[in-house]
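Overview (structure and organization)
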Amino acid sequence: MSKVRVLVGTHKGAFILESDGKRDKWNVSGPHFAGWEIYHMKGSPVDPDRIYASQTSGWFGQILQSSTDGGKTWFQPGVPNGEAAMPVFPNKAPNRFVYDTSAESGKPLTTHQWYDGTQRPWEFKRVWHIEPSLTDAKTVYAGVEDAAVFRSTDGGESWQELSALRGHGTGPKWQPGAGGMCLHTIILDPTNSDRIYIAISAAGAFRTDDGGKTWKPINKGLESQYIPDPDAEIGHCVHHIASHPSRPNTLFMQKHWHVMRSDNAGDQWTKVSGNLPTDFGFVIDVHAHEPETIYVVPIKSDSLHFPIDGALQVWRSRTGGNEWEALTKGLPQKDCYVNVLRDAMAVDRLDDCGIYFGTTGGQVYCSPDGGDSWKAIVHDLPSVLSVEVQTLQ
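Small disclaimer: the values here were computed from a predicted structure and weren't measured.

**A word on the nonpolar core**
In this structure, Val314, Tyr356 and Phe357 are the most contacted members of the largest nonpolar core, which totals 40 residues. Among the elements of the structure, strand 1 (3-10), strand 2 (13-20), strand 25 (345-347), strand 26 (355-358), strand 27 (364-367), strand 28 (375-378) and strand 29 (384-392) are those that each provide at least two residues to this core. Those residues in contact with Phe357, other than ones at most four positions away along the chain, are Leu312, Val314, Leu331, Val340, Ala344, Met345, Gln363, Val364, Tyr365, Trp374 and Val387. In terms of nonpolar packing, the next biggest core, distinct from the first, is built from 30 residues, Phe97, Tyr141, Ile196 and Ile200 among them.

**Notes on the pairing of strand 23 (residues 314-317)**
Neither face of strand 23 is left uncovered, since the one carrying Val314 and Arg316 and the one carrying Trp315 and Ser317 both have all their residues buried. Sheet topology places strand 22 (residues 294-296) next to strand 23; three bridges connect them, and they run antiparallel. Looking at the pairing, Ile294 lines up with Ser317 of strand 23. Summarising the sheet, strand 23 and strand 24 (residues 325-327) pair through three bridges and their orientation is antiparallel. The residue bridging Arg316 from the neighbouring strand is Glu325, located in strand 24.

**Looking at the sheet that holds strand 1**
Strand-to-strand pairing in sheets goes through backbone hydrogen bonds, with the strands running parallel or antiparallel. Taken in spatial order, the four strands line up as 3-2-1-29 in an open sheet, and their pairing is antiparallel. A strand with exactly one partner marks an edge of an open sheet, and here the two such strands are strand 3 (27-32) and strand 29. When strand polarity is set aside, the average angle formed by the axes of neighbouring strands in this sheet is 15°. Bridge count between strand 1 and strand 29: eight bridges; the pairing is antiparallel. Each bridged residue has a counterpart across the sheet, and for Leu7 the counterpart in strand 29 is Glu388.

**Details of the sheet that holds strand 23**
Reading across from one edge, 21-22-23-24 is the order of the four strands in this open sheet, with antiparallel pairing throughout. Edge positions in the sheet fall to strand 21 (284-286) and strand 24, since each of these pairs with one other strand and no more. Strand-to-strand twist across the sheet, computed as the mean angle between neighbouring axes with direction ignored, equals 30°.

**Regarding unusual backbone geometry**
Backbone torsion omega between Gly30 and Pro31 reads 0°, so that peptide bond is classified as cis. Of note, Pro31 is situated in strand 3. With an omega of -5°, the peptide bond running from Glu145 to Asp146 counts as cis. Its identity as a non-glycine residue notwithstanding, Asp309 has a phi of 60°, on the positive side. Residues other than glycine seldom take positive phi values, yet Asn322 does so here, at roughly 75°. Relative to the helices and strands, Asn322 resides in the loop between strand 23 and strand 24.

**What about the environment of Lys3?**
Of note, Lys3 is situated in strand 1. Take Lys3: its relative accessible area is 36%, and that puts it in the partly exposed class. As a C-alpha pair, Lys3 and Pro277 span 274 residues in sequence and 35 Å in three-dimensional space.

Cut-offs used in this document
Residues numbered from 1 in each chain as written. Predicted model: local features only at pLDDT ≥ 70, side-chain atom pairs only at ≥ 80, totals over all residues. Heavy atoms only, no water. Core = buried A, V, L, I, M, F, W, Y, C linked by side-chain atoms within 4.5 Å. Buried < 20%, exposed > 50% of the residue type's maximum accessible area, 1.4 Å probe, protein only. Helix = DSSP H or I, 4+ residues; strand = E, 2+ residues; numbered from the N terminus. Contact = heavy atoms within 4.5 Å. Pairing = 2+ DSSP bridges. Axes fitted to C-alpha atoms, helices over the stretch in contact; angles between N-to-C directions.

These results come straight from atomic positions and should not be treated as a statement about function.
Here you go:
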């Protein structure tokens, strides 16, 4: 029987939840890296036992961790035999993230805009998102703050920036969102290895069609309250983007207000918020077998990050947007004031597709029937930052 492995990153460590295909009884291991922020964990689709984890500390900085046995044991890629692993200070970490500089001057490629409109140099802070290659277990991409995308081809031992993104002509106009200037979404096109989508808060969405050599903004049709130009090329606060592997040209976006859809690889977006009670939120995801079935978790507002009236609801559209229904069975409908962050929802690939999400209250919910009913599979974790799921044979 197939089984599932749920990878949960929290503010105080990583947890791994495992179950068989029934998904009614769960084994929990962790916390791995107790006390550290685990912004994201994700397994390789080529080798599911190879898992990458972003481990961050305000004191020790960023460290990448990896496992080759499904999370039973972990190691820091690039640490020579006999040398101490973490914790180490950032300038001694083997898997460092160093921004490219100008080949002519050796100076930074560019600066970016700060909250007050002044220019600041790029400064690496943490890895927000890890995206393993679809074809090579040792190739992996990382989206970081300050916004940039890095790639490793040696299992995370060394990293190289795809600096054409940050060096795009709009770079000096990029500005942090409320949570920092983070590159939080990376989508690899399964039908075209040269096509990658990324999203940045608060610069917008970008696409490369040549493996990262050049990038173009894909933000036409987006509207943002504090951008007076309706045709602004960049500056939009995109919270998350999702797509279905069978239709890589169709993208769904949860923006800072508005749920959006594109059917031409991001060249044009249309609003599909429809009858949602509020179209502010962070997560968006797509059913494994139904590319027109999408899920969001509405949050009251951009200043009040909790469900409306304290009732936790997932909303589902079976029509790719505009027509939405509330999914509440098994979810708390009173006195619930948690949030669901941008990387904290995932789907499995079992025949009865399972939907998972984690909350800032430490709950991880599972629906084994596509959202019709929910159950908390774990209750009292630290605040959840990310959720990924692996479907194992």
